[in-house]
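# What the coordinates show
Here is what each chain is made of, one letter per residue.
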Amino acid sequence: MPGCLLDTLAGQRTARRPVWLMRQAGRYLPEYRDLRAQKGGFLELVYDSEAAAEVTIQPIDRFGFDGAILFSDILIVPHALGQDLWFEAGEGPRLAPPLVDGAWEGLERAFRHFEPIYRTVTLVRGRLGPETTMLGFAGSPWTVATYMVAGQGSKDQGAARSLAYRDPSAFASLIGAIEAATIEYLLGQIDAGAEAVQLFDSWAGSLSPAQFEQWVIAPNARITAVIHERRPGIPVIGFPKGAGAKLPAYARETGVDGLGIDETTDPLWIDGELPDGMPVQGNLDPMLLLAGGPALEDAARGILAAFSGRPHIFNLGHGIDKSTPIPHVERLLEIVRGEG
Ligand code: CP3
């Protein structure tokens, strides 16, 4: 019996709104911080399937979310493509060598890095009840490329954007390599037990309209088409953060089954733009969940009302902030579940 999250992605409006939160497993949970300290770091957790399965399930045990998102990271694909990957404390991810010219061909592939992730998926699926959906994920090629080219995060994604203009064929080749690895990785997650997958395009908002077509819509459309063809019935959620006015084109042209929207998008506007019956996911501002109080409650009710006419998965507009008080999450869930 599939849970209400899968029903919603199949286009049904369910009695209760399904809910999960991006980054629901993570630093706002004391049980996560404890296990991370025991294991020594974030990547140590990700590559330890038993520990990663436990972390994936922690927020389900505590809050009963409808979806369990695999505990991993979008940067596992660059690691598998042969870049070194580590996290600098207090700073963020580092990838070496940075692919300033897009030349990925000399890297030595290490697709074995996918194996522990698949094992995590299988462990989690085996431990979840049938009402909870196992969500796999990957980064979208554009967002992953921004990290691979710069060798780290950046404010304006300048290194990747300028490479895409300077040498479009080298950049297309890099996007193609990421795309192929991502397809293999997502198919592997599905075969291990993922029941839906999400494509995170956190930096989709930094591209001009023509570049958005080429580097966001086209690769996501190709990935979605292969998943639909090779694993029919597995829904794909696309999350092109910051896409704004380009969201309707993304929804139409990629073929994704559900559209993730960030907090800068007006729910009433996007509801009017999308085809009837297209499932949406989002879009509470994570800062409202951090702040709590009447502002949180009003905004949550506003989102529920705006999407009452279409299939809707309640979520944040981006990842939960690490300082979010747990009682705020509990209050939000009461509202979404119609208990308060
Ligand atoms: O949503 C979940 O709970 C599942 C796990 C998940 C993580 N990262 C765990 C994580 C998912 C889906 C991601 C996606 C991800 N990773 C994205 C796309 C979504 C987004 O947030 O925009 C991006 C851009 C990354 C790359 C990444 N990973 C960065 C830039 C950082 C450092 C920033 C930070 O918050 O420290 C990470 C680390 C990371 N990924 C953490 C977690 C729980 C924090 C690790 C820790 O210190 O414990």
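Right, let's walk through the structure included here. (Residues numbered from 1 in each chain as written. Predicted model: local features only at pLDDT ≥ 70, side-chain atom pairs only at ≥ 80, totals over all residues. Heavy atoms only, no water.)

### So, the pairing of strand 8 (residues 280-284)
Burial analysis of strand 8 places five of its five residues in the buried class, which makes it a mostly covered element. Two strands pair when backbone bridges link them, and strand 7 (residues 258-260) and strand 8 are joined in this way by two bridges, in the parallel orientation. Bridge pairing in strand 8 links Leu 259 to Val 280. Considered for its hand, the β-α-β crossover made up of strand 7, helix 12 (residues 267-273) and strand 8 is right-handed. (Buried < 20%, exposed > 50% of the residue type's maximum accessible area, 1.4 Å probe, protein only. Helix = DSSP H or I, 4+ residues; strand = E, 2+ residues; numbered from the N terminus. Pairing = 2+ DSSP bridges. Right-handed = clockwise from strand over helix to strand, strands pointing away.)

### Comments concerning helix 14 (residues 293-306)
In this model helix 14 runs 20 Å from its N-terminal to its C-terminal C-alpha over 14 residues, within 8% of the 20 Å that 1.5 Å per residue would give. Among the residues of helix 14, those classed as buried are Leu 296, Glu 297, Ala 300, Ile 303, Leu 304 and Ala 306. On the buried face of helix 14, the contacting elements are helix 12, strand 8, helix 13 (286-291), strand 9 (312-316) and helix 15 (326-336). (Expected span 1.5 Å × (residues − 1). Contact = heavy atoms within 4.5 Å.)

### Examining the site of the ligand
Residues in contact with the ligand amount to 21 residues; listed here are only the nearest, Arg 23, Arg 27, Tyr 32, Arg 36 and Ser 202. Asp 73 is positioned such that a nitrogen or oxygen atom in its side chain is 2.7 Å from a nitrogen atom of the ligand. With respect to the ligand, the side chain of His 318 contributes an N or O atom lying 2.8 Å from an oxygen atom. Alone, the ligand offers 860 Å² of accessible surface; in the complex the protein occludes 87% of this. One can see that the ligand is located within the largest pocket. The residue makeup of the shell around the ligand, split by class, is 13 nonpolar, four polar and four charged. (Near = heavy atom within 4 Å. Polar contact = N/O pair within 3.5 Å; in protein donor to acceptor, adjacent residues only side chain to side chain. Areas by Shrake-Rupley, 256 points an atom, 1.4 Å probe, with all protein chains shown as cover. 1 Å grid on protein atoms, 1.4 Å probe; cavity = no way out; pocket = protein on both sides within 12 Å on 5 of 7 lines; lining within 4 Å. Sits in = over half its atoms within 2 Å of the grid points. Nonpolar A, V, L, I, M, F, W, Y, C, P; charged D, E, K, R; others polar.)

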